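Letter by letter, the chains look like this.
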Amino acid sequence: SLKGLIVDHPRVAWYRLVARKSSPGLKRRSPEVTNEELGSLRVMVLVREDTILPSQYYRPLLDLMVKSVQTPWVTYANVVTMFEEVAVAGKTEMATIMVKVYLGQGRVVEYLDFLNQRDLEKSEKATLFRGNSYATKANDQFMKVVATKYLQQVLKPVIDMIYEEKKYCEIDPTKIETSGRQTAESMIEANVATVASYVLRASKAIFSSVRQCPPVMRLAFKRLRKRVEETFPPNEDDNA
């Protein structure tokens with residue numbers, strides 16, 4: 001029962017889980033199998049109660065959030081940074097919420113652009129977007145929200161093929177398992193060729209799917225590339 005739970009007070013307890021004796025649509029378990037033989041399961045459950053008001057009550061805040069990324073040089077741009085500061089312990093959750101809010105307002109590209117510019121100002125070229133910053137979290141959650149179905153459609157055939165073929169792909173000399181007359185070197189060479197073929201198939205699937213890629217993601221990363229080139233102009237010596 002949820003009546004005994006107190007808001008913002010975690011409750012730690014053990015509850016014994018047992019199998020149901022019978023249920024429509026489920027196969028009956030063997031009568032000789034006891035509950036003790038079924039093993040145990042440890043579950044962490046989070047119950048949260050939120051009060052959600054009618055949408056008009058949030059309109060002033062949404063308008064301020066939109067303005068903060070449309071004109072980031074104005075002082076109320078700090079609205080975005082304020083959300084970043086209060087989300088120190090939950091960057092991923094806050095990033096997901098903010099991405100969805102700005103998607104709903106049609107301003108997610110401007111939002112990500114604002115975060116990325118702030119991140120670029122504090123980053124070095126060698127470690128660009130490798131940190132655990134709020135911008136990297138937001139970009140990551142943005143891709144998950146808008147491009148998960150796209151990624152599944154594009155890579156599913158390749159992943160299904162890899163799974164069905166079940167080829168040995170180990171290329172670490174310390175973990176290679178030889179069989180028969182094959183030497184470790186010959187197996188590694190063969191496995192490298194197998195892995196390379198899979199990578200090539202996946203790369204071709206991705207690069208040939210430009211039209212399937214969500215337009216908003218293409219626009220967001222076009223803007224990101226422009227910002228990176230402005231901050232770190234390409235040199236002739238670069239091998240990019």
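These numbers come from a predicted model, not from an experiment.

## Comments concerning the overall build of the protein chain
- Along its length, the protein chain carries 7 helices and 0 strands.
- Split into buried and exposed, the 240 residues of the protein chain put 24% on the buried side.
- In the protein chain, 61% of the contacts between residues at least 6 apart in sequence involve partners at least 24 apart.
- Of the roughly 18,900 Å² of accessible surface on the protein chain, a fraction of 56% belongs to carbon and sulfur atoms.

## Regarding the packing of helix α1 (residues 59-70) against helix α3 (residues 91-104)
- At a closest axis distance of 11 Å, the pairing of α1 and α3 adopts a crossing angle of 90 degrees. In terms of axis orientation, α1 runs roughly perpendicular to α3. Residue-level contacts link Leu62, Met65, Val66, Ser68 and Val69 of α1 to Met98, Val101 and Tyr102 of α3.
- Taken together, the residues that form the contact of α1 with α3 break down as 7 nonpolar, 1 polar and no charged.

## Examining the packing of aromatic side chains
- Per the counting criterion, the structure on display carries 2 aromatic pairs.
- A centroid spacing of 4.3 Å and a plane angle of 10 degrees characterise the contact between Tyr102 and Tyr111, whose relative ring orientation is stacked.
- Given a relative accessible area of 1%, Tyr102 falls into the buried group.
- Seen in terms of ring centroids, Phe142 and Phe221 are 6.3 Å apart; in terms of plane orientation they differ by 40 degrees. Their pairing is tilted. Here Phe221 lies in helix α7 (residues 215-231) and Phe142 lies in helix α5 (residues 134-165), a separation of 79 residues in the sequence.
- Sitting above the plane of the Tyr163 ring, Lys166 keeps its charged end 4.1 Å from the centroid.

## Re the confidence of the model for the protein chain
- When pLDDT is averaged along the protein chain, the result is 81, and 82% of the positions lie at 70 or above.
- Element-level mean pLDDT values for the protein chain span from 75 in helix α2 (residues 78-86) up to 93 in α7.

## Some words on α1
- Helix length check: α1 (12 residues) gives 16 Å between terminal C-alpha atoms against 16 Å at 1.5 Å per residue, within 8%.
- Every buried residue belonging to α1 is among Leu62, Met65, Val66, Ser68 and Val69, and all of these are buried. The arc that holds the buried residues of α1, viewed along the axis, is 155 degrees, so those residues lie on one side.

## Notes on a nonpolar patch on the surface
- A contiguous nonpolar surface patch, about 360 Å² in accessible area, is contributed by Leu5, Val43, Val45 and Val47.
- Looking at where Val45 falls in the secondary structure, it is placed in the segment before α1.

## Structural notes on the side chain of Asp119
- Within the secondary structure, Asp119 sits in helix α4 (residues 108-122).
- Notably, Asp119 is buried but unbridged: the nearest opposite-charge side chain belongs to Lys122, and the N-O separation is 4.8 Å.
- Setting aside its immediate chain neighbours within four residues, Asp119 contacts Phe129, Ser133, Ala135 and Thr136.

## Quick look at the nonpolar core
- One finds Tyr102, Tyr111 and Leu115 to be the most contacted residues of the largest nonpolar core, which totals 30 residues.
- Broken down by element, this core gets its largest block of residues, 9 residues, from α5.

## Things to note about the side chain of Arg227
- The topology assignment puts Arg227 in helix α7.
- Judged by relative accessible area, which is 18%, Arg227 ranks as buried.

Cut-off values and rules
Residues numbered from 1 in each chain as written. Predicted model: local features only at pLDDT ≥ 70, side-chain atom pairs only at ≥ 80, totals over all residues. Heavy atoms only, no water. Helix = DSSP H or I, 4+ residues; strand = E, 2+ residues; numbered from the N terminus. Buried < 20%, exposed > 50% of the residue type's maximum accessible area, 1.4 Å probe, protein only. Contact = heavy atoms within 4.5 Å. Areas by Shrake-Rupley, 256 points an atom, 1.4 Å probe, with all protein chains shown as cover. Axes fitted to C-alpha atoms, helices over the stretch in contact; angles between N-to-C directions. Parallel < 35°, antiparallel > 145°, perpendicular 65-115°, else oblique. Nonpolar A, V, L, I, M, F, W, Y, C, P; charged D, E, K, R; others polar. Phe/Tyr/Trp six-rings, centres within 6.5 Å; stacked < 30°, edge-to-face > 60°. Lys NZ or Arg CZ within 6 Å of the ring centre and 35° of its normal. pLDDT = per-residue confidence, 0-100. Expected span 1.5 Å × (residues − 1). Arc of directions from axis to C-beta. Patch = residues over 30% accessible without salt bridge, like charges linked within 9 Å, V, L, I, M, F, W, Y side chains within 5 Å. Salt bridge = Lys/Arg side-chain N within 4 Å of Asp/Glu carboxyl O. Lys, Arg positive; Asp, Glu negative; His and termini not counted. Core = buried A, V, L, I, M, F, W, Y, C linked by side-chain atoms within 4.5 Å.

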